[in-house]
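Chain by chain, the residues run as shown.
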Amino acid sequence: NAVIFFMMDTSGSMTKHKKFLARSFFFLLYHFIRKKYENTEIVFLSHSSEAKEVSEDDFFQRVSSGGTVISSVLEKFTEICDKRYHKDAWNIYAFHCSDGDNWPSDNQKCVDLSEKIANMCQLYGYIQTVNGLGNYWDGKSGIVEKYYKIKNPKFKIAQLEKKEDVWREFKRMLG
């Protein structure tokens, strides 16, 4: 049994461009999974300051706003796994797209939860979207600076700045 979690930041800082990059990555991943595996469940989670399990349509079309508390989606992930997808019975994959903006007081909680999630998963990917202006990405913006300290081989980080990055980072992450 396999389950894939698609988690996406829909906060106000996720511009139209960033959401396009995130949705493009998820669209590619969705079709890859559907073609490769017959019996795979997909769970769609969106978040701003609160996380919700949503339908596929809502995930790909929903517009949201507000602040960002990344730990809310990570907690929702662990809650759902505890209830429906125990790691001893399921192969769990998780992918989270965000621009990395987060309340600083939430960052350590996110690192702790991400380390726990990486140990639950076959692969846990964090995909950071940036604004596409070519000068924003420094590898240390937002939560990603903290995530680089996670030393679990099942935890991978990707960066999406422009649409050409989607395929390259997809191939690199799924190796």
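Predicted model, so just to flag it, every value in this text is computed and none were measured.

Engineer: Would you take a moment to explain the overall build of the chain for this structure?
Structural biologist: Within the chain, the secondary structure is distributed over 6 helices and 6 strands. Secondary structure elements of the chain occur, N-terminal to C-terminal, as β-α-β-β-α-α-β-α-β-α-β-α. On C-alpha atoms alone, the chain measures out to a radius of gyration of 15 Å, which is about the 16 Å that the 2.2 N^0.38 rule sets for 175 residues. In terms of overall dimensions, the chain has a C-alpha envelope of 45 × 35 × 30 Å along the principal axes. Counting only residues that meet the buried cut, the chain has 51% of its 175 residues in that class. The long-range share in the chain, meaning contacts at least 24 apart out of those at least 6 apart in sequence, stands at 75%. In the structure as shown, the chain presents an accessible area of about 8700 Å², 49% of it carried by carbon and sulfur atoms. Considering the chain, the positive charge centre built from 26 side chains and the negative charge centre built from 23 side chains are found 4 Å apart.

Engineer: What should I look at first to understand the sheet that holds strand β1 (residues 2–9) in this one?
Structural biologist: In sheet architecture, strand pairing relies on hydrogen bonds along the backbone and comes in two forms, parallel and antiparallel. The sheet built from 6 strands is open, its strands ordered β3-β2-β1-β4-β5-β6 with mixed pairing. With one partner strand each, in any of the chains shown, β3 (51–54) and β6 (155–160) form the two edges of the open sheet. Adjacent strand axes in the sheet meet at a mean angle of 20° when their direction is disregarded. Relative to strand β2 (residues 40–47), β1 runs parallel, the two sharing 8 bridges. Each bridged residue has a counterpart across the sheet, and for Ile4 the counterpart in β2 is Ile42. Set on the sheet, helix α3 (residues 71–84) makes contact with β1, β2, β3, β4 (91–98) and β5 (123–129); between it and β2 the angle comes to about 150°. Its contacts with the sheet put helix α6 (residues 164–174) on β4, β5 and β6, and the angle it makes with β6 is roughly 170°.

Engineer: What should I look at first to understand the pairing of β6 in this one?
Structural biologist: In terms of residue burial, β6 counts as a mostly covered element, since 5 of its 6 residues are buried. Here β5 runs beside β6; their pairing, made up of 6 bridges, is parallel. Residue Tyr124 lies in a different strand from β6, and its bridge partner there is Phe155.

Engineer: Just checking my understanding: could you explain the nonpolar core for this structure?
Structural biologist: Generally speaking, a soluble globular protein has its nonpolar side chains buried in company with each other. Judged by nonpolar contacts, the single largest core of 31 residues is most densely connected at Phe5, Leu74, Phe77, Tyr124 and Tyr147. Of all elements in the fold, only β1, β2, α3, β4, α4 (107–120), β5, α5 (144–147) and β6 reach the threshold of two or more residues within this core. Of the residues forming this core, the biggest block, 6 residues, is contributed by α4. Ile4, Leu21, Ile33 and Phe59 belong to the second-largest nonpolar core, a separate cluster that totals 24 residues.

The rules we used
- Residues numbered from 1 in each chain as written.
- Predicted model: local features only at pLDDT ≥ 70, side-chain atom pairs only at ≥ 80, totals over all residues.
- Heavy atoms only, no water.
- Helix = DSSP H or I, 4+ residues; strand = E, 2+ residues; numbered from the N terminus.
- Rg over C-alpha atoms; globule rule 2.2 N^0.38 Å.
- Buried < 20%, exposed > 50% of the residue type's maximum accessible area, 1.4 Å probe, protein only.
- Contact = heavy atoms within 4.5 Å.
- Areas by Shrake-Rupley, 256 points an atom, 1.4 Å probe, with all protein chains shown as cover.
- Lys, Arg positive; Asp, Glu negative; His and termini not counted.
- Charge placed at Lys NZ, Arg CZ, Asp CG, Glu CD.
- Pairing = 2+ DSSP bridges.
- Axes fitted to C-alpha atoms, helices over the stretch in contact; angles between N-to-C directions.
- Core = buried A, V, L, I, M, F, W, Y, C linked by side-chain atoms within 4.5 Å.

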